[in-house]
Amino acid sequence: MNRIVVIGNGFDKAHGLATGYRDFIDAYWNEFAGHIFGGYSRWQTATYGELGTLYHYKDEFAEFKIVTEELLQDISETSVKRADELWTKEAWNYNDMRKFISWLNSESIVRKVVSLTFQNEFFWHISNRDYITNWLDIENEYYEKLKELLAVSDKEIQHQKVIKLNQEFEDVKKSLEKYLTKIIENAKLSSISSIQKAFENFIEPQDIAHRVQANFIAYVGRKAGLVNTYTDQEANDFIDMFLNSFIKPLWQKHTQTTLYKGLQNDVFKTKYCQPENTLFLNFNYTNIVECLYGEGKDIIHIHGELGNPHNPIIFGYGDDWDEEYKRIEKLQDNDFLENIKSVRYHETGNYRNFLNCIEADLYQVVIMGHSCGNSDRTLLNTLLEHPNCASVKVYYHQIDENKDDYSQLVRNLSRNFNDKAAMRDKVVNKGLCSPLVPMNQQPA
């Protein structure tokens, strides 16, 4: 029996890395503000109470322009004091930038003083959506924009709009890759004991779905030398016999057989309930998992790697079950499929390697830091509903002493199952799960 560890963005964030969407978008706007103030004027304004020099700035996403230079000089010390809360902030986000521009323009009753315009409409869209908190949301927003284009009746206009959307999305992806590369280059990493322990943990018998418990017990018995190795037919006969002769007494009547007593003993389970192989299925673009925990483990960077032209990053949408997706395919416009994950997977052998792993043997799925949302639904359904999937165990995010995201994760997981009975059998209940990083181990 094997173990497949699903690694998502929450895994990197648990190690203190600012790799989330909010980290990315807030860093962009803080840097944008730095260009406007020249790295000095904001401090000058806060210190001396008069507006310092502002500068024109433009990049691929937005442009800040000084419309009326002379009006800037008329903004009084009193006016600056009305915006004190801006000058005391160490870092600015998009809302701060909007407040700043609104404040400047409201100080002039004559005409506009400054302006902020966007070069990239998709970037404007995601900057203005406060509810967007993670990369899953960005991928969902892209897909929603894609679906909006289905309503465009003129095929030529529709085609031009999807090309423009894809280019704008590509610019965001490139900016993300640059940002993450910089974060990783400056990172000071160390392993976390709770995560290391989770990788080393044995597979608990009570975590296994009822439909394959007999197979699991037979696996442990063979590994412990309590059961002989059989041919395929003999193995099938053995499992039938084992189900009738052992499972009931083991789990219902609590008989004192050697195997039963072993399964109640952590020393026995540590030795014989370990997975044969562990695969890291990494949905991140970073290499944190292999740097800190990857020794002797197989790793598939299913969505690509930073700076690796042979495994380019995949950033898009991955739910080809959606009814609207069927309409998209019928358009016969390949540009609509540019960022669909199930299409992009064919650019490398990663997905084929993933399929080989799930076909090989029974496995337990362990979720670490992945939100399990619809953006990866196609792949996750293949992983979770496969007959070899014997268990789905969640390591949840502990927000504070009284709050965690276990329930949210299970709700997201449910959307990846067509077979709800299988979901109820496979997903391990909260009492048998634990936080990815307990409160006393979380980075400051």
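Residues numbered from 1 in each chain as written. Predicted model: local features only at pLDDT ≥ 70, side-chain atom pairs only at ≥ 80, totals over all residues. Heavy atoms only, no water.

**Quick look at the overall build of the protein**
Looking only at helices and strands, the protein has 22 helices and 11 strands in total. The burial tally for the protein puts 50% of its 444 residues in the buried class. Sequence separation of 24 or more characterises 74% of the internal contacts of the protein that already satisfy a separation of 6 or more. Counting only carbon and sulfur atoms, one obtains 47% of the accessible surface of the protein, whose full area is about 21900 Å². (Helix = DSSP H or I, 4+ residues; strand = E, 2+ residues; numbered from the N terminus. Buried < 20%, exposed > 50% of the residue type's maximum accessible area, 1.4 Å probe, protein only. Contact = heavy atoms within 4.5 Å. Areas by Shrake-Rupley, 256 points an atom, 1.4 Å probe, with all protein chains shown as cover.)

**Things to note about the packing of aromatic side chains**
For the structure on display, the rule yields 39 aromatic pairs. Consider the rings of Phe37 and Trp92, whose centres lie 5.3 Å apart with planes at 85 degrees: the pair is edge-to-face. Taken together, the positions of Phe37 in helix H2 (residues 21–37) and Trp92 in the loop between helix H6 (84–87) and helix H7 (94–106) put the pair 55 residues apart, joining distant regions of the chain. Take Phe37 and Trp92: they sit in the same class, and that class is buried. By the ring-pair criterion, three or more aromatic residues cluster together here, those being Tyr21, Phe24, Phe122, Trp135, Tyr142, Phe169, Tyr179 and Phe315. (Phe/Tyr/Trp six-rings, centres within 6.5 Å; stacked < 30°, edge-to-face > 60°.)

**Section: unusual backbone geometry**
Peptide bonds are mostly trans, and most non-glycine residues show a negative phi. Of note in this structure, Gln332 is not a glycine but carries a positive phi near 60 degrees. The class of Gln332 is exposed, set by a relative accessible area of 71%. In the Ramachandran plot, Cys372 falls in the positive-phi region, its phi being about 60 degrees despite a non-glycine side chain. By the secondary structure assignment, Cys372 is in the loop between strand E7 (363–368) and helix H20 (377–384). Cys372 sits in the buried class, given a relative accessible area of 1%.

**Points about the sheet that holds strand E3 (residues 62–66)**
The three strands are arranged E2-E3-E4 in an open sheet whose pairing can be described as antiparallel. Edge positions in the sheet fall to strand E2 (57–58) and strand E4 (114–118), since each of these pairs with one other strand and no more. As paired elements, E2 and E3 share two bridges and run antiparallel to each other. Within the sheet, the bridge partner assigned to Lys58 lies in E3 and is Glu63. Along the sheet face, H2 touches E2, E3 and E4 and points at about 30 degrees away from the line of E3. Along the sheet, H7 contacts E3 and E4; its crossing angle with E4, the most-contacted strand, is approximately 140 degrees. (Pairing = 2+ DSSP bridges. Axes fitted to C-alpha atoms, helices over the stretch in contact; angles between N-to-C directions.)

**What about the layout of surface pockets?**
The rolling of a water-molecule-sized probe over the atoms marks out the regions of remaining empty space. By volume, the largest pocket is sized at about 1100 Å³. When contributions to the lining of the largest pocket are tallied by element, the ones reaching two or more residues are helix H1 (9–14), helix H9 (135–148), strand E8 (389–396), strand E9 (398–400) and helix H21 (406–414). No other element matches the six residues that H1 contributes to the lining of the largest pocket. Across the lining of the largest pocket, the residue classes break down as 16 nonpolar, 20 polar and seven charged. Put simply, the second largest pocket is a space of about 470 Å³. (1 Å grid on protein atoms, 1.4 Å probe; cavity = no way out; pocket = protein on both sides within 12 Å on 5 of 7 lines; lining within 4 Å. Points joined across faces, edges and corners; volume = space filled by probe spheres on them. Nonpolar A, V, L, I, M, F, W, Y, C, P; charged D, E, K, R; others polar.)

**Brief notes about H9**
Given a rise of 1.5 Å per residue, 14 residues ought to cover 20 Å, and the 20 Å separating the end C-alpha atoms of H9 matches this to within 8%. Extensive coverage of H9 is indicated by the burial of 10 of its 14 residues. Along H9, the residues classified as buried are Trp135, Leu136, Asp137, Ile138, Glu139, Glu141, Tyr142, Tyr143, Leu146 and Lys147. Contacts from the buried residues of H9 go to H1, H2, helix H8 (121–127), helix H10 (155–185), helix H17 (323–330) and helix H18 (341–344). The backbone nitrogen of Leu136 lies 3.1 Å from a side-chain oxygen of the residue at the head of H9, namely Asn134. (Expected span 1.5 Å × (residues − 1). Polar contact = N/O pair within 3.5 Å; in protein donor to acceptor, adjacent residues only side chain to side chain.)

**Some thoughts on the environment of Gln264**
With respect to the secondary-structure elements, Gln264 resides in the loop between helix H14 (258–262) and helix H15 (266–272). With 60 residues separating them along the chain, Gln264 and Glu204 place their C-alpha atoms 9.8 Å apart.

**Here's the deal with the confidence of the model for the protein**
When pLDDT is averaged across the protein, the result is 88; 89% of the residues are at 70 or more. The weakest mean pLDDT in the protein belongs to helix H13 (residues 232–253) at 51; the strongest belongs to E7 at 98. Throughout residues 248–256 the model reports pLDDT below 50, and contacts reaching past four residues in sequence, or to other chains, amount to 16 contacts. (pLDDT = per-residue confidence, 0-100.)

**What to know about the pairing of E3**
Where burial is concerned, most of E3 is hidden: four out of the five residues are buried. Hairpin remark: E2 followed by E3, antiparallel, with three residues in the connecting loop. Strand direction decides the pairing type here: E3 and E4, joined by five bridges, are antiparallel. In the sheet register, Glu63 faces E4, and the bridge partner there is Thr117.

**Quick notes on the packing of H2 against H10**
With their axes 11 Å apart at the nearest point, H2 and H10 run at an angle of 95 degrees to one another. By the angle class used here, H2 and H10 are roughly perpendicular. Note on element contacts: H10 touches H2 through Val172, Ser175, Leu176 and Tyr179, opposite Asp23, Phe24 and Ala27. Of the residues assigned to the contact of H2 with H10, the class counts are five nonpolar, one polar and one charged. (Parallel < 35°, antiparallel > 145°, perpendicular 65-115°, else oblique.)

**Structural notes on the nonpolar core**
The biggest cluster of nonpolar side chains holds 78 residues, and the ones touching the most others in it are Leu51, Leu54, Trp87, Phe100 and Met368. Per element, the largest residue contribution to this core is nine residues, and it comes from H2. With residues up to four places along the chain from it excluded, the contact list for Met368 reads Val5, Val6, Ile7, Gly8, Phe11, Ile195, Ala198, Phe199, Tyr395 and Leu436. In terms of nonpolar packing, the next biggest core, distinct from the first, is built from 33 residues, Ile4, Phe283, Val394 and Val428 among them. (Core = buried A, V, L, I, M, F, W, Y, C linked by side-chain atoms within 4.5 Å.)

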